[in-house]
2 protein chains.
Amino acid sequence: MNVLIIGGGGVVGNRLGASLAERGTLRGAEIDRITLADVSDPPRIDAKSVTVDYTHCDITDQASIAACLTEDTDVVYLLAAIVSAHAEEDFATGYAINLFGTWNVLERCRTLGTQPVVVFTSSIAVYGGEVDDPITGQTFLNPQTSYGAQKAAGEVLLNDFSRKGYVDGRGVRLPTVSVRPGKPNRAASSFMSSIIREPLGGQQAVCPVGADFLHYYLSLRKCVQNLVKVAEIDRADLGRNHVMQMPGRTWSIRQMIDAMTAVAGPEPAKLIRWEDDPQIQSIVNGWRFDIHADKALALGLEADESFEDNVRYYLEDDRPTG
Amino acid sequence: MNVLIIGGGGVVGNRLGASLAERGTLRGAEIDRITLADVSDPPRIDAKSVTVDYTHCDITDQASIAACLTEDTDVVYLLAAIVSAHAEEDFATGYAINLFGTWNVLERCRTLGTQPVVVFTSSIAVYGGEVDDPITGQTFLNPQTSYGAQKAAGEVLLNDFSRKGYVDGRGVRLPTVSVRPGKPNRAASSFMSSIIREPLGGQQAVCPVGADFLHYYLSLRKCVQNLVKVAEIDRADLGRNHVMQMPGRTWSIRQMIDAMTAVAGPEPAKLIRWEDDPQIQSIVNGWRFDIHADKALALGLEADESFEDNVRYYLEDDRPTG
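Residues numbered from 1 in each chain as written. Chains lettered and ligands numbered in written order. Predicted model: local features only at pLDDT ≥ 70, side-chain atom pairs only at ≥ 80, totals over all residues. Heavy atoms only, no water.

Draft legend 1. Up close: the interface of chain B and chain A. With 36 residues of chain B at the contact, the number on the chain A side is 36 residues. Of the roughly 3300 Å² buried between chain B and chain A on both sides combined, carbon and sulfur atoms contribute 56%. When residues of chain B are sorted by the area they lose upon contact with chain A, F91, F140 and R240 of chain B head the list and together hold 22% of the total. Counting across the interface, chain B meets chain A through 4 salt bridges. The salt bridge partner of K164 of chain A is E88 of chain B, with a shortest N-O separation of 3.4 Å. Inspection of the region where chain B meets chain A yields 20 residue pairs in polar contact (both at pLDDT 80 or more). At the level of elements, α4 (91–112) and α5 (146–163) of chain B are the ones that each hand at least two residues to the side of chain B that touches chain A. No other element matches α5 of chain B, which puts 9 residues into the side of chain B that touches chain A. Each residue belonging to the side of chain B that touches chain A can be placed in one class, and the counts come to 16 nonpolar, 10 polar and 10 charged. (Contact = heavy atoms within 4.5 Å. Buried area = accessible area lost by both parts, 1.4 Å probe. Salt bridge = Lys/Arg side-chain N within 4 Å of Asp/Glu carboxyl O. Polar contact = N/O pair within 3.5 Å; in protein donor to acceptor, adjacent residues only side chain to side chain. Helix = DSSP H or I, 4+ residues; strand = E, 2+ residues; numbered from the N terminus. Nonpolar A, V, L, I, M, F, W, Y, C, P; charged D, E, K, R; others polar.)

Draft legend 2. Just the relation of the copies chain B and chain A, in detail. With an RMSD of 0.1 Å, the fit of chain B onto chain A corresponds to turning through 180 degrees and sliding 0.0 Å along the axis. Both chain copies can therefore be described as sitting about a two-fold axis. Relative to the rotation axis, the C-alpha of F140 of chain B is the closest in chain B, positioned 2.0 Å from it. Here 100% of the contact residues of chain B are again contact residues in chain A; the copies associate through an equivalent surface. (Least-squares fit on C-alpha atoms with pLDDT ≥ 70 in both.)

Draft legend 3. Focus on the packing of aromatic side chains. Within this structure, the stated rule accounts for 23 aromatic pairs over all chains. Relative to F161 of chain B, the ring of W103 of chain B lies with its centre 5.4 Å away and its plane at 80 degrees, an arrangement referred to as edge-to-face. Linking W103 of chain B in helix α4 with F161 of chain B in helix α5, this pair joins segments that are 58 residues apart in sequence. Of the two residues, W103 of chain B and F161 of chain B, both sit in the buried class. Grouped by ring-pair contacts, the aromatic residues F91, Y95, F100, W103, F161 and Y166 of chain A together with F91, Y95, F100, W103, F161 and Y166 of chain B constitute a single cluster. Looking at R44 of chain B, its charged tip hangs above the ring of Y54 of chain B, at a distance of 3.9 Å from the centre. (Phe/Tyr/Trp six-rings, centres within 6.5 Å; stacked < 30°, edge-to-face > 60°. Buried < 20%, exposed > 50% of the residue type's maximum accessible area, 1.4 Å probe, protein only. Lys NZ or Arg CZ within 6 Å of the ring centre and 35° of its normal.)

Draft legend 4. Just the environment of R163 of chain B, in detail. Among the structural elements, R163 of chain B can be located in helix α5. In sequence terms R163 of chain B and R240 of chain B are 77 residues apart; their C-alpha atoms lie 7.8 Å from each other. Apart from the residues within four sequence positions on either side, R163 of chain B is in contact with E88, Q144, T145 and S146 of chain A. Side-chain polar atoms of R163 of chain B contact the side chain of S146 of chain A, separated by 3.2 Å.

Draft legend 5. Inspection of helix α6 (residues 191–200) of chain A at higher detail. Burial within α6 of chain A is extensive, with 10 of its 10 residues counted as buried. Every buried residue belonging to α6 of chain A is among F191, M192, S193, S194, I195, I196, R197, E198, P199 and L200 of chain A, and all of these are buried.

Draft legend 6. How the structure looks around the sheet that holds strand β9 (residues 176–177) of chain B. Residue and element names in this part refer to chain B. The sheet built from 3 strands is open, its strands ordered β9-β11-β13 with mixed pairing. The open sheet terminates on both sides in strands that have one partner only, identified here as β9 and β13 (249–252). Against the sheet, helix α7 (residues 220–232) engages β9 and β11 (214–218), with an angle of about 60 degrees to β11. (Pairing = 2+ DSSP bridges. Axes fitted to C-alpha atoms, helices over the stretch in contact; angles between N-to-C directions.)

Draft legend 7. Structural context of the nonpolar core. Judged by nonpolar contacts, the single largest core of 87 residues is most densely connected at I6 of chain A together with I6 and I59 of chain B. For this core, the element with the highest residue contribution is α4 of chain B, accounting for 10 residues. Other than its neighbours up to four places away in sequence, I6 of chain B contacts A37, C57, I59, V76, Y77, L78, L79, A80 and V105 of chain B. (Core = buried A, V, L, I, M, F, W, Y, C linked by side-chain atoms within 4.5 Å.)

Draft legend 8. Broad picture of the pattern of salt bridges. Here the structure, examined in full by the defined rule, presents 42 salt bridges over all chains. Residues D168 of chain B and R170 of chain B are paired through a salt bridge, measuring 3.0 Å at the closest nitrogen-oxygen approach. In this pair, the class of D168 of chain B matches that of R170 of chain B, namely buried. Taken together, the shared-partner salt bridges in this structure form one network comprising E88 of chain A together with D160, R163 and K164 of chain B.

Draft legend 9. How the structure looks around the environment of R27 of chain A. Residues and elements named next belong to chain A. Relative to the helices and strands, R27 is located in the loop between β2 (25–26) and β3 (29–30). C-alpha of R27 to C-alpha of V75: the two residues are 48 residues apart in sequence and 9.5 Å apart in space. When near neighbours in sequence (up to four residues on either side) are disregarded, R27 contacts M1, V75, V117, D168, R170, A231, E232 and I233. At 2.6 Å, the side chain of R27 forms a polar contact with the backbone oxygen of A231.

Draft legend 10. Region of interest: the side chain of N14 of chain A. Along the chain, N14 of chain A turns up in helix α1 (residues 11–23). Among the polar contacts listed, one links the side chain of N14 of chain A to the backbone oxygen of G8 of chain A, at a separation of 2.9 Å.

Draft legend 11. Structural view of the packing of α1 of chain A against helix α7 (residues 220–232) of chain A. Residue and element names in this part refer to chain A. Where α1 contacts α7, the two axes come as close as 10 Å, and the packing angle between them is 65 degrees. Here α1 is positioned roughly perpendicular relative to α7, judged by the angle of their axes. Crossing angle aside, the handedness with which α1 passes α7 is right-handed. Contact residues: α1 offers V11, V12, R15, L16, S19, L20 and R23, while α7 offers L220, C223, V224, L227, V228 and E232. (Parallel < 35°, antiparallel > 145°, perpendicular 65-115°, else oblique. Left-handed = near helix turned anticlockwise from the far one by under 90°.)

Draft legend 12. Structural view of the sheet that holds strand β11 (residues 214–218) of chain A. Residue and element names in this part refer to chain A. One open sheet holds the 3 strands; their spatial order is β9-β11-β13, and the pairing between them is mixed. Looking at which strands have only one partner, the edges of the open sheet turn out to be β9 (176–177) and β13 (249–252). Direction of pairing for β9 relative to β11: parallel, over a ladder of 2 bridges. Along β11, the bridge assignment pairs T176 with Y217.

Draft legend 13. Up close: the packing of α6 of chain A against helix α8 (residues 253–264) of chain A. Residue and element names in this part refer to chain A. Viewed as axis vectors pointing N to C, α6 and α8 meet at an angle of 20 degrees, and their least axial separation amounts to 11 Å. Here α6 is positioned roughly parallel relative to α8, judged by the angle of their axes. The hand of the α6/α8 crossing is right-handed. Facing F191, M192, I195, I196, P199 and L200 of α6, the residues of α8 in contact are I253, M256, I257, M260 and A264.

Draft legend 14. Seen up close, the UniProt feature "domain: NAD-dependent epimerase/dehydratase" (unreviewed entry) in chain A. In the numbering adopted here, UniProt assigns the feature "domain: NAD-dependent epimerase/dehydratase" (unreviewed entry) to residues 3–203 of chain A. Secondary structure across residues 3–203 of chain A comprises 38% helix and 20% strand; the distance between its end C-alpha atoms is 37 Å. (UniProt positions renumbered as here; feature names shortened; annotations may be inferred.)

Draft legend 15. Quick peek at the state of the cysteines. One pass over the full model with this rule turns up 0 disulfides over all chains. In this model C109 of chain B remains outside any disulfide bridge; the closest cysteine sulfur is found in C68 of chain B, 10 Å from its own. (Disulfide = S-S within 2.5 Å.)

This is the structure in structure tokens:
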């Protein structure tokens, strides 16, 4: 069993690689090799008994994909993408990576003829505009950002390549991962982690929205567990749409901060500065949060039990040491 | 006012050109030039006072698009596509024309910076799989053919280019056009016109499905009228999804044949031979027919009043003479 993680240098891809290495098996088979592929050098992971390769891969370049996605690749995780604010600023690059890059990976699989499992990460950014709440598996995808549009079109491709038998595709729309370890990035959602992560590390953070702002979240630990499960779902259980909402939970900023206080005491919350940012608000206020993930829940994927749990997972798994 | 019809050699595009030439105006302005562009030489139309150009255009070739879509193009109708059965047989060509061709046209508009009106024809083939009836503007697009997938992804592109202000895009999902003049084509829906058209012309036709088979239809005359109206809708009325279902009506094969008999007497119906075709049935039985087009109806688009009307329109507009 050889697993390729495209986007293996990112927070989710790298942690997924570490989790698979720790686990040692996937889809009932022993993992022989995990390849972490990315445009920048992926951080090293603890390999245990599994061989881990680190390789450069640019999904805008078909030859670059062909070099790491080969006949002996059994499972491909396609996590590589540029994030929402970046895709909104740079239209051409967003499409080149997020849509045509996805096409290139799927086409490589079709050309190989080996029908690998392909796990594709979509996003709740596919929802938006004039559709009724709650968001369900029947909801019209109506993205209001280029990032969301690229993911929505990628879902269509994944489903069609799967229907034709060129890949054994599975897609999941990721909730916003919070608490996300590492540094702020160019996603408009970046603050949704920094307001917890930075105060827990004794640093100030800025909250650009009000305390009542609602959004749909999942911890990194559960997200990675779900990504493993998605690869293991029986194909027959996927039905005629292979993409589903990954379960998350809806919290207000106030609930998140209260949870941090319940776990870590009153000091961190004092490090949050409240500064409205109309530009960020104009993006995130269009995002949907009343989201139901019935299909994924029925197939065994899980949300966090509480945001307190989420904070605890972050402290156990990710708190910077030293 | 210069209008470019890409796919101007097809049945719908050519009739649309003739209708616009007859009309002489679009969006409140006098039409100076209509360009009918296609991969094969478009049939000549009656020009009246409007200049009509006929030109070659292959939407898989960016230079070919640039030659006919220029700074003085005000309205683009993008009707060029390969049909369902063809796209299902030839995966690569289907994507090259129906998806990447659409991308190429939209990118040409973005590069020009002139924000032309772009009318894109999608299809009821975007519906399918496990979604509840009736189909509404809120229904998840779940295509079960490559043609439908290409159209669904094209809708996403049109909406995103519109949201960004690169085009003034409008999309309509066409019902099956019947009675469609001309010859049978490679669409799985081809019989839905031949069973009326051939008998009205004194020829035999084969019906590969049962008399109770239900589907969603529109006459060519109303389809062309609607395509004109779509270009004229106020942009503000389109909301945050610029693609809508074009109104049609659901008829059984029996209702269609009864309507033909009511209009043309009992002889034509005797020319229909009933021969089940499992291959065609396997495609068309997955198509949806309980479809509501509320948004388009509110914006002034229209369905046929009856299939009798539809048969009359065909006889008035299209019956081969001589």
